Amino acid sequence: DAKTTQPPSMDCAEGRAANLPCNHSTISGNEYVYWYRQIHSQGPQYIIHGLKNNETNEMASLIITEDRKSSTLILPHATLRDTAVYYCILRSGATNKLIFGTGTLLAVQP
Amino acid sequence: GAVVSQHPSRVICKSGTSVKIECRSLDFQATTMFWYRQFPKQSLMLMATSNEGSKATYEQGVEKDKFLINHASLTLSTLTVTSAHPEDSSFYICSARATSGGSYNSPLHFGNGTRLTVT
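Residues numbered from 1 in each chain as written. Chains lettered and ligands numbered in written order. Predicted model: local features only at pLDDT ≥ 70, side-chain atom pairs only at ≥ 80, totals over all residues. Heavy atoms only, no water.

**Digging into the sheet that holds strand β9 (residues 104–109) of chain A**
All names here are of chain A.
In step 1: The sheet built from five strands is open, its strands ordered β1-β9-β8-β3-β4 with mixed pairing. For this open sheet the edge positions go to β1 (9–13) and β4 (45–50), each flanked by a neighbour on one side alone. Taking each pair of neighbouring strands and ignoring which way they run, the sheet shows an average axis angle of 25°.
In step 2: As paired strands, strand β8 (residues 84–92) and β9 are joined by three bridges and run antiparallel to one another. Across the sheet, residue Tyr86 finds its bridge partner in β9, namely Thr104. (Pairing = 2+ DSSP bridges. Helix = DSSP H or I, 4+ residues; strand = E, 2+ residues; numbered from the N terminus. Axes fitted to C-alpha atoms, helices over the stretch in contact; angles between N-to-C directions.)

If you want it as structure tokens, here you go:
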């Protein structure tokens, strides 16, 4: 699976939108972009995934650029409970594996 | 939604003993489950892929004789840490994806992990 690059940390004010970027310039055509988050001492929680179209669910929105080389996860109204490490992961149809990078530690400030 | 349960959530054992960790898919069947290990302030590292009815596939550098994996049913995989040592102390996490009705791009779901401390 191709690698992703994320900033190590970000801050966001409570109630504001959190925009978490991810670069995946070597993504291949059959690779999906997945986002998970991990709150301290818990297992990762699935957030959203997409191939090339923008996606939205009850947790977040995923914006994928037209060339698919980068994406942004948007939490529309961050709360203190959204403080976590957010992982952007590429996953191909050839394997079920998820290979985690270092992620972004999002700290939501009151 | 899909729920993956791990047991125990925490375990403390003495050096040289073996510890078994269970991973269950509660409301779906999983042909394949994955085992990860996470050290403090680090990311998750994939250890092995557990396949129902066949041998597990281990990632490079993971000792298969030390980390025994059994996947005897479509809802249960176990990881046994044999002859545990303090350096095996870590957070062990499993994940699974629904076998039937799920496309290949359906998400993996994770358990809440097992904190192993070897004294």
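**What about the pairing of strand β7 (residues 70–75) of chain A?**
Residue and element names in this part refer to chain A.
In step 1: Bridge count between strand β2 (residues 18–23) and β7: six bridges; the pairing is antiparallel. What sits directly across from Pro21, in β7, is Thr72.
In step 2: Bridging between strand β6 (residues 61–64) and β7 involves four bridges; their strand directions are antiparallel. For Leu62, the partnering residue across the bridge sits in β7 and is Leu73.
In step 3: Counted along the chain from β6 to the antiparallel partner β7, the turn is five residues long, and its residue Arg68 has a positive phi close to 65°.

**Describing the interface of chain A and chain B**
The parts lose accessible area when they come together, and the size of an interface is often stated as this lost area.
In step 1: Taken residue by residue, the interface counts 20 residues in chain A and 20 residues in chain B.
In step 2: In total, about 1,700 Å² of surface goes out of reach between chain A and chain B, with carbon and sulfur atoms giving 53% of it.
In step 3: It is A:Asn96, A:Lys97 and A:Phe100 in chain A that bury the most area against chain B; as a group they hold 27% of the surface buried on that side.
In step 4: Between chain A and chain B we count one salt bridge in total.
In step 5: Close ionic contact of A:Lys97 with B:Glu59 constitutes a salt bridge, the shortest N to O distance being 2.9 Å.
In step 6: Taken together, the links from chain A to chain B amount to six residue pairs in polar contact (both at pLDDT 80 or more).
In step 7: Of all the secondary structure elements, the ones that give two or more residues to the side of chain A that touches chain B are β3 (31–38), β4 and β8 of chain A.
In step 8: If you tally residues by element for the side of chain A that touches chain B, the top one is β3(A), at four residues.
In step 9: The residue inventory of the side of chain A that touches chain B, partitioned by class, reads nine nonpolar, nine polar and two charged. (Contact = heavy atoms within 4.5 Å. Buried area = accessible area lost by both parts, 1.4 Å probe. Salt bridge = Lys/Arg side-chain N within 4 Å of Asp/Glu carboxyl O. Polar contact = N/O pair within 3.5 Å; in protein donor to acceptor, adjacent residues only side chain to side chain. Nonpolar A, V, L, I, M, F, W, Y, C, P; charged D, E, K, R; others polar.)

**Focus: the state of the cysteines**
Residue and element names in this part refer to chain A.
In step 1: Inspection of every chain in the model, using the stated rule, returns two disulfides over all chains.
In step 2: With its sulfur 2.1 Å from that of its partner, Cys22 forms a disulfide with Cys88. Where Cys22 bonds to Cys88 through sulfur, the torsion about that S-S bond is close to -80°, and the disulfide is left-handed. Of this pair, Cys22 sits in strand β2 while Cys88 sits in strand β8; the two residues are 66 residues apart in sequence, bridging distant segments of the chain.
In step 3: Taking relative accessible area as the criterion, Cys22 reaches 1% and is therefore assigned buried. (Disulfide = S-S within 2.5 Å. Buried < 20%, exposed > 50% of the residue type's maximum accessible area, 1.4 Å probe, protein only.)

**Let's talk about the layout of surface pockets**
In step 1: Taken as a whole, the largest pocket spans an internal volume of roughly 530 Å³.
In step 2: What lines the largest pocket is a set of 21 residues, and nearest its centre among them are A:His40, A:Val85, B:Gln38, B:Lys41 and B:Gln42.
In step 3: Every element with two or more residues in the lining of the largest pocket is listed here: β8 and β9 of chain A.
In step 4: With three residues, β8(A) is the single largest residue contributor to the lining of the largest pocket. (1 Å grid on protein atoms, 1.4 Å probe; cavity = no way out; pocket = protein on both sides within 12 Å on 5 of 7 lines; lining within 4 Å. Points joined across faces, edges and corners; volume = space filled by probe spheres on them.)

**A closer look at the side chain of A:Arg91**
In step 1: By the secondary structure assignment, A:Arg91 is in strand β8.
In step 2: Polar side-chain contacts of A:Arg91 include one of 3.0 Å to the side chain of A:Tyr34.

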